[in-house]
Amino acid sequence: KIIIIICLVFPFFMGCSNTKMENIISKDISFELLEYFEGETMAWGLVVDRWGNLQRSFKVKLNGKRNNKKLLLKEYFIYNDGEREYREWVITKTENGLYEGISKDTIGVAKGKKIGNTMRMVYDTTISIRDTDIRVSFDDRFVKADKKVVINRAEIFKWGIKIADVTIFFSK
């Protein structure tokens, strides 16, 4: 009976583990966040709930203005249902490979770490679902695929339980 329980429970826990960024690092490509998002960038994305159901799709126009080790990033979202959203981030490179970000929705400071062509940023924020604001945690992972493309996968958690995934493709 113990073996059956282990066989049933082990895959569940393995599915809950986070992917290690070290598995996708490229030594040939470097991801400099402030440089990449300076100027105009376009993006397209999907929000998928924890059961794999597509909830929304969206398009984003981003405008970044860099001042030394800071980036003011303006995001203009248009969702498939016509809703529009504006978000403004101030992202600061604090030391080699480390970043901090704030926006009006973040609770505290977003903390980021860059390794090679990847970056991971974690933060708490408030999102609206059906006219209700809820506090959630984001685990954002960026991978620079080539000179013009960055792929972002974010997991959204509430009380430590994943409630959604967001996938975004950025293009210069």
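All of the points below concern the structure found in this document. (Residues numbered from 1 in each chain as written. Predicted model: local features only at pLDDT ≥ 70, side-chain atom pairs only at ≥ 80, totals over all residues. Heavy atoms only, no water.)

1. Considerations on the pairing of strand β4 (residues 84-95)
Consideration 1: Of the pairings in the sheet, the one linking strand β3 (residues 70-79) to β4 comprises nine bridges and is antiparallel in character. Residue pairing across strands places I78 opposite R84, the latter belonging to β4.
Consideration 2: Remark: four residues form the turn of the hairpin made by β3 and β4, two consecutive strands paired antiparallel; G82 in that turn has positive phi of roughly 95 degrees.
Consideration 3: Relative to strand β5 (residues 98-102), β4 is paired through five bridges, and the arrangement is antiparallel. Across the sheet, the residue bridging to E95 is L98, located in β5. (Pairing = 2+ DSSP bridges. Helix = DSSP H or I, 4+ residues; strand = E, 2+ residues; numbered from the N terminus.)

2. Here's the deal with the pairing of strand β9 (residues 149-158)
Two faces make up the sheet, and in a regular strand the side chains alternate between them.
Consideration 1: Where burial is concerned, most of β9 is hidden: seven out of the 10 residues are buried.
Consideration 2: Bridge count between strand β8 (residues 132-144) and β9: eight bridges; the pairing is antiparallel. By the bridge assignment for β9, D140 is matched with A154.
Consideration 3: By the bridge criterion, 10 bridges tie β9 to strand β10 (residues 161-171) in an arrangement that is antiparallel. Bridge pairing in β10 places R153 opposite T167.
Consideration 4: The hairpin turn running from β9 into β10, its antiparallel successor, is two residues long, and W159 in that turn takes a positive phi close to 55 degrees. (Buried < 20%, exposed > 50% of the residue type's maximum accessible area, 1.4 Å probe, protein only.)

3. Quick notes on the environment of R84
Consideration 1: Structurally, R84 is set in strand β4.
Consideration 2: Remark: the alpha-carbon pair of R84 and V60, spanning 24 residues in sequence, is separated by 9.8 Å.
Consideration 3: When residues no more than four places from it in sequence are discounted, the contact partners of R84 are F77 and I78. (Contact = heavy atoms within 4.5 Å.)

4. Considering the pattern of salt bridges
Consideration 1: Enumeration over the complete set of coordinates arrives at 16 salt bridges.
Consideration 2: Close ionic contact of K61 with E40 constitutes a salt bridge, the shortest N to O distance being 3.9 Å. With K61 in strand β2 (residues 54-67) and E40 in strand β1 (residues 39-49), this residue pair connects regions lying 21 residues apart in the sequence.
Consideration 3: For R135, the salt bridge is made with D124, and the minimal N-O distance between the two is 3.2 Å. Linking R135 in strand β8 with D124 in strand β7 (residues 118-129), this pair joins segments that are 11 residues apart in sequence.
Consideration 4: Residue classification places R135 among the partly exposed positions, given a relative accessible area of 45%.
Consideration 5: Judged by relative accessible area, which is 22%, D124 ranks as partly exposed.
Consideration 6: Salt bridges sharing common partners tie together E75, E85, R87, K104 and D105. (Salt bridge = Lys/Arg side-chain N within 4 Å of Asp/Glu carboxyl O.)

5. Focus on the nonpolar core
Consideration 1: The biggest cluster of nonpolar side chains holds 31 residues, and the ones touching the most others in it are F31, F37, F58, I91 and F170.
Consideration 2: If sequence neighbours within four positions are ignored, F31 has contacts with Y36, F37, K114, G116, N117, T118, M119, F142, K144 and V150. (Core = buried A, V, L, I, M, F, W, Y, C linked by side-chain atoms within 4.5 Å.)

6. What to know about the packing of aromatic side chains
Consideration 1: Counted by the stated rule, this structure contains 11 aromatic pairs.
Consideration 2: Measuring from ring centre to ring centre gives 4.9 Å for Y36 and F37, while their planes differ by 85 degrees; the resulting arrangement is edge-to-face. As far as the burial class goes, Y36 and F37 line up, both buried.
Consideration 3: Pairing F37 with F170 gives two aromatic rings, centres 5.1 Å apart and planes at 85 degrees, and the pair type is edge-to-face. Residue F37 is found in the loop between α2 (33-36) and β1, and its partner F170 is found in strand β10; the two are separated by 133 residues along the sequence. As far as burial versus exposure is concerned, F37 and F170 are alike and both buried.
Consideration 4: What links up through ring pairs into an aromatic cluster is the set F31, Y36, F37, F142 and F170.
Consideration 5: Directly above the aromatic system of Y79 lies the positively charged group of R56, at a separation of 3.8 Å from the ring centroid.
Consideration 6: It is K158 that lies over the ring of W159; its NZ or CZ is 4.6 Å from the centre. (Phe/Tyr/Trp six-rings, centres within 6.5 Å; stacked < 30°, edge-to-face > 60°. Lys NZ or Arg CZ within 6 Å of the ring centre and 35° of its normal.)

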